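# Analysis of the macromolecular model
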Amino acid sequence: MRPLAICLAAVAAALLPGGRPDLLSMRLGIRRSSDTGLSNPNSRRALPGSRLVWALLGGTIGAAAGGLAAPPGGAVIGGLVTPVVVLSWFRRRSRLQRRGRESAVSDACLALASELQAGLPPERAMAAVAQEWPDLFGSAAGRAAIGGDPAQALRVAATEPGAEPLTAVAAAWEVSARTGASLSAALTAVTDSLRAEAAVRREADAQLAAVRSTARLLAMLPAATLLLFSAGNGAPLDFLLRTPHGMACIIGALVFVAAGLCWVEYTSRLSVRTPWSS
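Residues numbered from 1 in each chain as written. Predicted model: local features only at pLDDT ≥ 70, side-chain atom pairs only at ≥ 80, totals over all residues. Heavy atoms only, no water.

Time to look at the overall build of the chain. Helices and strands together make up the secondary structure of the chain, namely 10 helices and zero strands. Starting at the N terminus and ending at the C terminus, the chain contains elements arranged as α-α-α-α-α-α-α-α-α-α. Per-residue burial over the chain gives 36% buried out of 278 residues. Excluding contacts between residues fewer than 6 apart, the proportion of contacts in the chain whose partners are at least 24 apart in sequence is 66%. Surface accessibility of the chain: about 15,500 Å² in total, with carbon and sulfur atoms responsible for 66%. (Helix = DSSP H or I, 4+ residues; strand = E, 2+ residues; numbered from the N terminus. Buried < 20%, exposed > 50% of the residue type's maximum accessible area, 1.4 Å probe, protein only. Contact = heavy atoms within 4.5 Å. Areas by Shrake-Rupley, 256 points an atom, 1.4 Å probe, with all protein chains shown as cover.)

Before going further, it helps to spend a moment on the packing of aromatic side chains. One pass over the structure, following the stated rule, counts two aromatic pairs. With a centroid separation of 5.9 Å and 40° between ring planes, the pair formed by Trp263 and Tyr266 is classed as tilted. Taken together, the residues span about one helical turn, with Trp263 and Tyr266 both in helix α10 (residues 244-271) at a distance of three residues. Take Trp263: its relative accessible area is 55%, and that puts it in the exposed class. Assessed through its relative accessible area of 38%, Tyr266 is described here as partly exposed. (Phe/Tyr/Trp six-rings, centres within 6.5 Å; stacked < 30°, edge-to-face > 60°.)

Its 12 residues give helix α5 (residues 134-145) an end-to-end C-alpha distance of only 14 Å, which falls more than 12% under 16 Å, the value for a rise of 1.5 Å per residue. The set of residues buried in α5 consists of Asp135, Leu136, Phe137, Ala140, Ala141 and Ala144. On its buried face, α5 is in contact with α3 (73-117), α4 (122-132), α6 (151-157) and α7 (166-179). With its phi angle positive at about 85°, Gly147 sits one or two positions after the end of α5. (Expected span 1.5 Å × (residues − 1).)

Inspection of the secondary structure puts Glu265 in helix α10. For Glu265, a relative accessible area of 11% translates into the label buried. Non-local contacts of Glu265, meaning those with residues more than four positions away in its chain, are made with Arg95, Arg212 and Arg216.

This part takes up the pattern of salt bridges. When charged atoms on two side chains of opposite charge get close, those side chains can pair. Per the counting criterion, the structure on display carries eight salt bridges. Residue Glu174 pairs with Arg155 through a salt bridge whose shortest N-O separation is 3.1 Å. Here Glu174 is found in helix α7, whereas its partner Arg155 is found in helix α6, with 19 residues between them in sequence. When salt bridges that share partners are traced, they join Arg98, Arg99, Glu102, Glu164 and Asp205 into one network. (Salt bridge = Lys/Arg side-chain N within 4 Å of Asp/Glu carboxyl O.)

Before going further, it helps to examine the confidence of the model for the chain. With 79% of its residues at a pLDDT of 70 or more, the chain shows a mean pLDDT of 76. Note that residues 1-45 has pLDDT below 50 and, in this model, 58 contacts with residues that lie over four places away or in other chains. (pLDDT = per-residue confidence, 0-100.)

Right, let's talk about helix α9 (residues 235-242) for a bit. Of all the positions in α9, only Leu237, Leu240 and Leu241 are classed as buried. Projection of α9 onto a plane perpendicular to its axis shows the buried side chains occupying an angular sector of 85°, all on one side. (Arc of directions from axis to C-beta.)

Bringing the nonpolar core into the picture now. Formed by 33 residues in total, the largest nonpolar core has its most connected members in Leu112, Met126, Leu136, Phe137 and Leu166. Of all the elements, α3 adds the most residues to this core, at eight residues. Excluding anything up to four places from it in sequence, Leu136 contacts Arg101, Ala104, Val105, Ala108, Leu154, Ala157, Ala163 and Leu166. Of all hydrophobic cores here, the second largest spans eight residues; its members include Ala70, Ile77, Leu237 and Ile250. (Core = buried A, V, L, I, M, F, W, Y, C linked by side-chain atoms within 4.5 Å.)

Our next topic: the packing of α9 against α10. Running from N to C, α9 and α10 point in directions that differ by 85°, and their axes come no closer than 5 Å. In this view, α9 runs roughly perpendicular relative to α10, as classed from their interaxial angle. Residue-level contacts link Phe239, Leu240, Leu241 and Arg242 of α9 to Pro244, His245, Gly246, Met247, Cys249 and Ile250 of α10. Looking at side-chain class alone, the contact of α9 with α10 contains seven nonpolar, two polar and one charged residues. (Axes fitted to C-alpha atoms, helices over the stretch in contact; angles between N-to-C directions. Parallel < 35°, antiparallel > 145°, perpendicular 65-115°, else oblique. Nonpolar A, V, L, I, M, F, W, Y, C, P; charged D, E, K, R; others polar.)

Of note, Cys109 is situated in helix α3. Excluding residues within four positions of it along the chain, Cys109 makes contact with Val169, Leu187, Val190 and Thr191.

Turning our attention to the side chain of Glu174. Taking the relative accessible area as the measure of exposure, Glu174 reaches 19% and is therefore buried. Here the side chain of Glu174 touches Arg155 through a polar contact of 3.1 Å, side chain to side chain. Filtering out sequence-adjacent residues up to four positions away, Glu174 remains in contact with Asp149, Ala151 and Arg155. (Polar contact = N/O pair within 3.5 Å; in protein donor to acceptor, adjacent residues only side chain to side chain.)

What follows covers a nonpolar patch on the surface. Taken together, Trp54, Leu57 and Ile61 make up a surface patch of nonpolar side chains, about 330 Å² in accessible area. Position of Ile61 relative to the elements: it lies in helix α2 (residues 48-69). Residue class for Ile61 comes out exposed when judged on its relative accessible area of 53%. (Patch = residues over 30% accessible without salt bridge, like charges linked within 9 Å, V, L, I, M, F, W, Y side chains within 5 Å.)

Below, the structure is given as structure tokens:
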């Protein structure tokens, strides 16, 4: 009983949110890219294959631990719940990285527009910005320095989650090069658009935080109720963990709970999508 309670408490701690997300502070100047963890060009998002490997590894460990704690039903619970927890952790980390990269793109565009307004040529302005945000503008600045077209490099950098607005920077660069239009004005417009979208998204995230928390709390209520009613005698747990019908009930309950949580996350993501989202 005690090992199973510990396992369920650990799962609850992993599923419940770790607090409200930090809001972008009001400030003057340009925030350094190191504040968002984007200064290292080698820092990339985890590949889907590696996520699957970690999920399978976590499922194996969870099944083994659950089998030792309460065989054989504990193995079923550990093998099904642990991969979901691992994938949820990867998804949450990817979401935070995306938000950080979106903020970095906004700051980098504003910095590039400021350098252009100060009178620097576009190539030198991009080189200056690339020193602060090498993963966003490093390749484009290298092409511009040798007289090449940086637009294609910007579109490649825009394939990273959160960096999609760089496609607008690439288009503005091409239009400016062909027609002589003001590049700084286009970059300022992109920055204003990104900041307006960020403000709306922060408000939506704040409203949806309560919905996510409630959904995760409701998902844990069946397990808490089961432990409460099994405190006196272990008959309910014995039925669920040691009989085929009980394990079928557990699997069905886990499938329905996972489907409900996935639906809440899916609808939440749809509500905060931006025109740049793929």
